[in-house]
Every structure is written in structure tokens, then in C-alpha cells.
Amino acid sequence: MPFDHKHLLGIEFLPKKDILTILDTAESFVEISTREVKKVPILRGKTIINLFFEPSTRTRSSFELAAKRLSADIINFNRQFSSVVKGETLKDTVLNLESMQSDALIIRHNCPGVPHYISTFCRSHVINAGDGAHEHPTQALLDAFTIRQQKKKLEGLKILIVGDILHSRVARSNIFLLSKMGAEIACVGPPALLPEEFKEFGIACDYDLDRAIQGADVIMMLRIQSERQQKNLFPSLREYKDIFSLTPKRFRRAKRNAIIMHPGPINRGVEISADLADSAKSVILRQVENGIAVRMAVLYLLLGGKERETTD
Amino acid sequence: MRLLIKNGRVIDPASHVDETLDILIDRGKITEIKPKIEGDGTKIIDASRLVVAPGFIDMHAHLREPGQEEKETIKTGSLAAAKGGFTSIACMPNTAPVNDSRGVTELIISEAKRNAVVNILPIAAVTRGLRGEEITDMADLRDAGAIAFSDDGHPIENSLVMRRALEYSRLLDVPIIDHCEDRNLSAEGIMHEGKTSLKLGIKAIPASSEEILVARDIILAKETRAKVHIAHLSVKGAVDLLKFAKQQDTKITAEITPHHLFLTDASLESFDTNLKVNPPLRSEQDVEALIDAIREGWIDTFATDHAPHTPDEKDVELDKAPFGINGLETAVPLLLDKLVNKNILPLDKFIAMISTIPAKILGLKNKGKISVGADADLTILKLQKEVIIDTSRFLSKSRNSPFHGWKLKGAPVMTIVGGKIVYS
């Protein structure tokens, strides 16, 4: 299975066969995390830097554990305690860290395109761990992995994504990935957070959750940020909950064996009722668990094996 | 100092001339225009197979001096202009300090006299400090040499202030140039709102942000009978409004920049900060509407909105990069290649739009024409000259052009200002 990419910047330009390669490789890594000694020497001697300019619990820890389980050395860069606060430019920060001979940089930043920008001047592999509202490729990969695990396929499934689509990198990467895989995608959210032009990406836009949820195989809830309310994107969390929250009553309209997903962090009782989040229908913690295997696969495919001369 | 330009194809839209003529220049003025003028020891320029046009005028440039000389100075901006074929450029008041008082206008003019190779025409602020609150001493600024007024990147939000400024401008018969943008609508946006912004997750500026202020300005222009010039028109809706205005009894004029004509929002997929500009690069449909409007004669002039920024300022993440494209050295080759040589715009119309008409809008009586007694400002073009845009060879202090590497046909080969060859 050749995997000819230097970086993982997004899903948009990742061909279907490479997505499948990542998912299949991840399958073989799941077992490692269940061992008594959760470690294999595949990336021994490699240096990876977690470069997170935004807060993160799941993604940062997940990448860190993935790297460690492959025996790579990984360090965490923390924006608050870095020279960035002293006014150092992003480029200088990256070049300084890279001069410590890193092999891969895992980037989280609030500005779209930053991983792409970094890949234009650095020599390490660049992995996008979320760039603004643009992409979050490993999240989409772990979501696809989790769906495939539960449903044994991706093609033909009805996927519903609910919430703040406009500001969501998770939604974008999932839309790119799942449509490549032949799933049928619908989005629901307040009009200001779901512009109808999203239809141009081959998805359905609906503003009625009760209608859109009918027959769904997978329901992906997105975190709603209260700061959106201050910008009048919706009037209040109370009204948002009334119209767009996933409640047991609404969930009953989905397919009988439908699953509930959420990229986290969840707002209990806001976009999803606490009961549902904790129910057997929810695979939220499975997503987190699978994240490690998927990220191990990504690190292995980019850094592992013999050095390739790729210039992607 | 005499100069004789021989055998050029002289095109002067003001007098509808398009023929092979010799032009004699003496002490900064055009003194003779005839099919054949004898040299008698005068310095002769052979303009065979070249086009001789009245000097090009850019109504919209940022020269950064005083205050931001690391980006550009009056001197380097004027050198870039001369290389780009411009003999006169109007400079926006968003300097530091803002050009809102006689002292700053005089400083710009005296600096230009000392160091500039083209005519520098200061545009003064409409309101003090560009704050949109109190109008400046416009008559005093006009006396000091300001040729127009604008708050450029800080459009006046308060319609009453705008109306008062327009009313007062009638006293002086000067244009007020407006950068039309409802900044509540554009908020933190950095690119055009459309399919590409949705795909890239980049904060966006809707077309309505421009349209709403264009509409307001048209209404106020009609009410006050003042001269309003719309800067860098970029969306189809604004073109439609302009057409409406021009069919009414208004004195509205408008400009379009080359970058809004030859680039679209889709190019932002590269995340190249050199594409970050305000107003943003628009959609394919907007570009088509702009080109049609030019073809149909609705647009008055081209302007560069030359906005130099240092390489370091642009070598950052997209959110942090300043808005602006370096335009003086690329505008004329772009327009010649994409419009004139592609037969979208006849050459004489192009020359009218970039010389005759801006001279008229700015009230420059001795410029924008080739006639005896006029200022000897001339731009000489070679329509078949092939150039490759190379930002490393810019005379501007900055390099922020998205056109680096573009191959274009048609370029200025000589620029004459006040009878002096300032570029060849």
C-alpha cells in the first residue's frame, strides 16, 4: 500500500484510496493499545513536535499517545509559555523548533491555512490537527473509522451533521471525506451557521431537525459555542436548544440502530441531552479511543518505513 | 531642454487623434505636433512602431510617506510609477500622521519636489484623523495642493457626516473618493464570501458590504449634486447600482483595479497572503460583470490601489497579514495584455480611461491630453513587448504582488514627465 504524501494538510485533496489505506492501517494498530506493554518500536528515534496554538485536550493527548506508542519522541509546545507571547512570528517559532531536528510537526492553529503555510518553508512532515474553521483531517478519519467499525461500511449511509456548520472544521473534513466514500450527507443548523451555499458541496441543507433526522444512520452533533450568540448568529442558547438539541424524543425518529457522534468537547444538555450522550447509542468515547489508532496510522504512513523522496 | 519624439503612433483621445506624428517638447510643455518636425540638434526619440499616449494617471496609490517608509517612500513609489508608465499618481491620506492638515500636504508636496520623478497629487482626508466625525479644513487643504478628498480604508459610517462633506466639497468643486464598505458587515472578514470562503473556512466579506455603501453614496450624490468617485468597484451589484446612478442626474464616477479584473476568490485556495486585499478578490460572476461594464463604457478609469507592504509583513499567517497588493508596476502590462491585446477594449478607449478621464475627474487642465501647450507628460507603449512580472526587479520598496511570474504582452517602454525622460 504505497502512501505518497509528505504532509497531511486536509481531506479535500486526499484521494479515496489513501483514505482507505489510513483506515486499514489503523485497524492493525488498534490492538497495540490493548496490550500490557502498549508500545512498538516502529518510529524509534523520530522526533515529533506537537505545536498547538489553541487549547486542546483530546487531539493533543491523542497525538502524544499515538507517537509514544510508536516509540517516537514527542514534545509539546504550549503557546502561553512560548516566545509567541513575546511577539515572535509564527515562521520564526517554527524554524527555531525545527532546527532541533524534528521529523514531524503537528499543527493546531486558529487561522485557516496555517499548516499549508508552514509546509511551504519547513522540511518536516506537517500534520494538520485543526486549522481554524478549515479542516481537521484526523478527526474526520477517526470518525470514518468509528462509523465503519459500527456500520461495517460507509457507502450509502445517511449521515446527519447538526449545529454550527459554518465555523466547524470537523464538519468540513467530514463532508469531504464521507462524500468521497459515497455516504449521503445532510446538515442542519440555524441559517446564519448553515449558509445554503453549502449545497454546492453536494450535501443537503435542512433547517428542520425533526424532518432531517428521519432515517439517519449516523447523527453527528457539533459543539455550539456561546460566543456565537453574542454575534446574533442565534438569539439564545435556550432557543437553540429548543430547535436544534438532540433529545431522546427527536432521536426516536432516526433509524432504529442509529449512532450518535460528537467530536467533543460536549456541552451537556445544550446540543445533546446528557442521557443520550451517555447512552448505548452514543459512540463518543469510542471516537476518542479510535483516535489513537488512526493517528498512529497517520504518523506511521508519513514517517515510517524507508525515507521516500516525496515532494507533496 | 528640447525633446523631439519622432514617428510614433500618437493617440490622443481628447482630440480623437490616432496617427503617426512628431511631437516637439520644450521646457516641459508640448510646443508642436506635426507629421514631420525637423530636429536641428534636438535630442530625438525614435518612436517608430510605438504608441505615444498622454501620460497615464493613477488616481489611487498608497505611498506610505510620511510614517511607514519601510514599505514605500514618495521617491520609490514614484520610481515604480514611472516604470509602470504612470506620469501622475494620487496618493491616499492614510499616512502617519494622516494627511488631514496643511502641514502634511505641504510635506508631501515638498518631498515630491525633491525626490519624485512623477507628479505626486496628494489626496487629503475628508475627516480629521480618518475618524469619520469632523470634516477637515478642505479649502485650506485644497489651497495647499490636495486635489481630492478621501477617508479611503476608513469609509465614513455616519451618513450625515458624509452628506456634510459632500455639501462642502461643492464649494471647491473637488471629488470625494469613497472606499465603499459597511464595516459592520465585513467585520473580521478577510476574503470574499462565496463558495471558496465556505470551503476554506475563512472569515468572509459579503458583496452587500460594498453594495450598501455604493447605494448610499449614490443617493447622497444625487441629493447634494457633489462629485463622488467610487474607489475600486468590485462586485456585480455595485456595477448595477453604478449603471442606475449614471442614468440619473449625478456626478458619479468609478474606478476598477487590475487585480479585481484578473483574479478571483478561488485563488485564495493557495492561502497566499499576497492575495489578501480589501475589497477582496471576488467571484467569477463579479469579474464577468466588471469586464462587461468596462466593455459597455460604464467604468471611468482604472486605478492600482497600489498598497505596498514589506515581505516580512506578508510572510505570516493569513489572518495576520495586512490587506493590499502592490500595483504600480504591473497594472499597465496587465491591462494591455488582458483587455487591449485580447480585443476587449480598444486602445484609444483604454488610453482615455487611464489618462484623459482621470485628468478630467481630478481637474488637471494641462494633463491627460496631447496638445500644444499641454504638460509634456507622455507614456510610450510597445504593444508587442513581452514581459514576465518579476517582483525581485520591482522599483517599489515592497514585493507584494500575486502576479509574480505572469507572462504578459504589452508594456510601457518610456515615461516622460514634464519633458524629462524618467523611465526608459
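Thresholds, definitions, all that
- Residues numbered from 1 in each chain as written.
- Chains lettered and ligands numbered in written order.
- Predicted model: local features only at pLDDT ≥ 70, side-chain atom pairs only at ≥ 80, totals over all residues.
- Heavy atoms only, no water.
- Helix = DSSP H or I, 4+ residues; strand = E, 2+ residues; numbered from the N terminus.
- Rg over C-alpha atoms; globule rule 2.2 N^0.38 Å.
- Buried < 20%, exposed > 50% of the residue type's maximum accessible area, 1.4 Å probe, protein only.
- Contact = heavy atoms within 4.5 Å.
- Areas by Shrake-Rupley, 256 points an atom, 1.4 Å probe, with all protein chains shown as cover.
- Lys, Arg positive; Asp, Glu negative; His and termini not counted.
- Charge placed at Lys NZ, Arg CZ, Asp CG, Glu CD.
- Buried area = accessible area lost by both parts, 1.4 Å probe.
- Salt bridge = Lys/Arg side-chain N within 4 Å of Asp/Glu carboxyl O.
- Polar contact = N/O pair within 3.5 Å; in protein donor to acceptor, adjacent residues only side chain to side chain.
- Expected span 1.5 Å × (residues − 1).
- 1 Å grid on protein atoms, 1.4 Å probe; cavity = no way out; pocket = protein on both sides within 12 Å on 5 of 7 lines; lining within 4 Å.
- Points joined across faces, edges and corners; volume = space filled by probe spheres on them.
- Nonpolar A, V, L, I, M, F, W, Y, C, P; charged D, E, K, R; others polar.
- Pairing = 2+ DSSP bridges.
- Axes fitted to C-alpha atoms, helices over the stretch in contact; angles between N-to-C directions.
- Parallel < 35°, antiparallel > 145°, perpendicular 65-115°, else oblique.
- Left-handed = near helix turned anticlockwise from the far one by under 90°.
- Phe/Tyr/Trp six-rings, centres within 6.5 Å; stacked < 30°, edge-to-face > 60°.
- Core = buried A, V, L, I, M, F, W, Y, C linked by side-chain atoms within 4.5 Å.
- Domains from an automatic or database assignment.

1. Observations concerning the overall build of chain A
Broken down by element type, chain A carries 12 helices and nine strands. Relative to the 2.2 N^0.38 estimate, which gives 20 Å for 312 residues, the radius of gyration of chain A is 19 Å and therefore close to what a compact globule would have. The principal-axis extents of the C-alpha atoms in chain A amount to approximately 55 × 45 × 35 Å. Across the 312 residues that make up chain A, the buried fraction comes to 57%. Taking the contacts inside chain A whose residues are at least 6 apart along the sequence as the reference set, 72% of them involve residues at least 24 apart. In the form shown here, chain A has an accessible surface area of approximately 13600 Å², with 50% of it arising from carbon and sulfur atoms. Averaging the coordinates of the 44 positive side-chain charges in chain A and doing the same for the 37 negative ones gives two points 4 Å apart.

2. Structural notes on the interface of chain A and chain B
When the parts of a complex come together, some accessible area is lost, and that lost area is often used as the size of the interface. Taken together, the 23 residues of chain A in the interface contact 15 residues of chain B. Taken over both partners, the interface formed by chain A and chain B buries close to 1600 Å², and the fraction arising from carbon and sulfur atoms is 60%. Of all residues in chain A, A:Pro112, A:Tyr117 and A:Phe201 bury the most surface against chain B, accounting for 27% of the area lost on that side. Here B:Lys199 and A:Glu12 are joined by a salt bridge, their closest N and O atoms 2.7 Å apart. At the junction of chain A with chain B, the criterion picks out six residue pairs in polar contact (both at pLDDT 80 or more). Those elements that place two or more of their residues in the side of chain A that touches chain B are helix 3 (90-98), helix 4 (114-119) and helix 6 (169-180) of chain A. If you tally residues by element for the side of chain A that touches chain B, the top one is helix 4 of chain A, at three residues.

3. Regarding helix 10 (residues 284-295) of chain B
Between its terminal C-alpha atoms helix 10 of chain B stretches 17 Å, which fits the 16 Å expected from 12 residues at 1.5 Å a residue. Within two residues after helix 10 of chain B, B:Gly297 carries a phi angle of roughly 85°, on the positive side.

4. A closer look at the layout of surface pockets
It is a probe the size of a water molecule, rolled over the atoms, that shows where empty space is left. All names here are of chain B. Looking at the second largest pocket, its volume works out to about 520 Å³. If you trace the second largest pocket, you find 28 residues lining it, with Asn94, Gly153, His179, Asn278 and Phe323 closest to the centre. Within the lining of the second largest pocket, the residues separate by chemical class into eight nonpolar, 13 polar and seven charged.

5. A short note on the sheet that holds strand 2 (residues 73-78) of chain A
All names here are of chain A. The four strands lie next to each other as 2-1-3-4, forming an open sheet whose pairing is parallel. Because the sheet does not close on itself, it has two edges, and the strands there are strand 2 and strand 4 (125-131). Averaged over all pairs of adjacent strands, the angle between their axes in this sheet comes to 15°, without regard to strand direction. On top of the sheet, helix 3 reaches strand 1 (47-52), strand 2 and strand 3 (104-109); it is set at about 160° to strand 1, its chief contact. Running at roughly 150° to strand 4, helix 12 (residues 284-303) makes contact with strand 1, strand 3 and strand 4 of the sheet.

6. Section: the pairing of strand 5 (residues 51-54) of chain B
Pairing geometry for strand 1 (residues 2-12) of chain B and strand 5 of chain B, over two bridges, is parallel. Each bridged residue has a counterpart across the sheet, and for B:Arg9 the counterpart in strand 5 of chain B is B:Val51.

7. Structural notes on the packing of helix 1 (residues 16-30) of chain A against helix 5 (residues 137-151) of chain A
Residues and elements named next belong to chain A. Remark: helix 1 packs on helix 5, axes separated minimally by 10 Å, with the N-to-C direction vectors making an angle of 70°. With respect to their mutual orientation, helix 1 and helix 5 come out roughly perpendicular. Once helix 1 is placed against helix 5, the crossing between them reads as right-handed. Where helix 1 abuts helix 5, its residues Ile19, Leu20, Ile22, Leu23, Asp24, Ala26, Glu27 and Val30 lie against Leu141, Ala144, Phe145 and Arg148. In the contact of helix 1 with helix 5, the residues fall into nine nonpolar, no polar and three charged.

8. Regarding the packing of aromatic side chains
All names here are of chain A. One pass over the full model with this rule turns up nine aromatic pairs over all chains. A ring pair is formed by phenylalanine 29 and tyrosine 300, whose centres lie 5.7 Å apart and whose planes are at 75°; its orientation type is edge-to-face. With phenylalanine 29 in helix 1 and tyrosine 300 in helix 12, this pair connects stretches of sequence that are 271 residues apart. Among the residues examined, phenylalanine 29 registers a relative accessible area of 5% and is labelled buried. Both rings, one in phenylalanine 198 and one in phenylalanine 201, keep their centres 5.9 Å apart while their planes meet at 55°; by these two values the pair is tilted.

9. Describing the nonpolar core
If you look at the biggest cluster of nonpolar residues, it comprises 113 residues, and the most contacted ones within it are A:Ile118, B:Ile120, B:Leu233, B:Leu261, B:Leu347 and B:Phe350. For B:Leu261, the contacting residues outside a window of four places in its chain are B:Ile256, B:Val287, B:Leu290, B:Ile291, B:Ile294, B:Phe302, B:Leu335 and B:Leu339. One finds A:Ala66, A:Ala72, A:Leu194 and A:Ile259 within the second-largest nonpolar core, a separate group that totals 67 residues.

10. Description of the domain arrangement of chain B
Residue and element names in this part refer to chain B. Splitting chain B by domain gives domain 1 (2-51 + 375-384 + 405-423) and domain 2 (55-361). Taken together, the contact pairs 23 residues of domain 1 with 26 residues of domain 2. Across the domain 1/domain 2 interface, buried area totals approximately 1900 Å², and carbon plus sulfur atoms make up 72% of it. A per-residue breakdown of the area domain 1 buries against domain 2 is headed by Pro13, Trp406 and Leu408, which together make up 24% of the total. At the junction of domain 1 with domain 2, the criterion picks out zero salt bridges. Between domain 1 and domain 2 we count eight residue pairs in polar contact (both at pLDDT 80 or more) in total. At the level of secondary structure, the elements contributing two or more residues to the side of domain 1 that touches domain 2 comprise strand 1, strand 16 (378-388), strand 17 (407-417) and strand 18 (420-423). The element that contributes the greatest number of residues to the side of domain 1 that touches domain 2 is strand 17, accounting for nine residues. For the side of domain 1 that touches domain 2, the residue count by class is 15 nonpolar, four polar and four charged.

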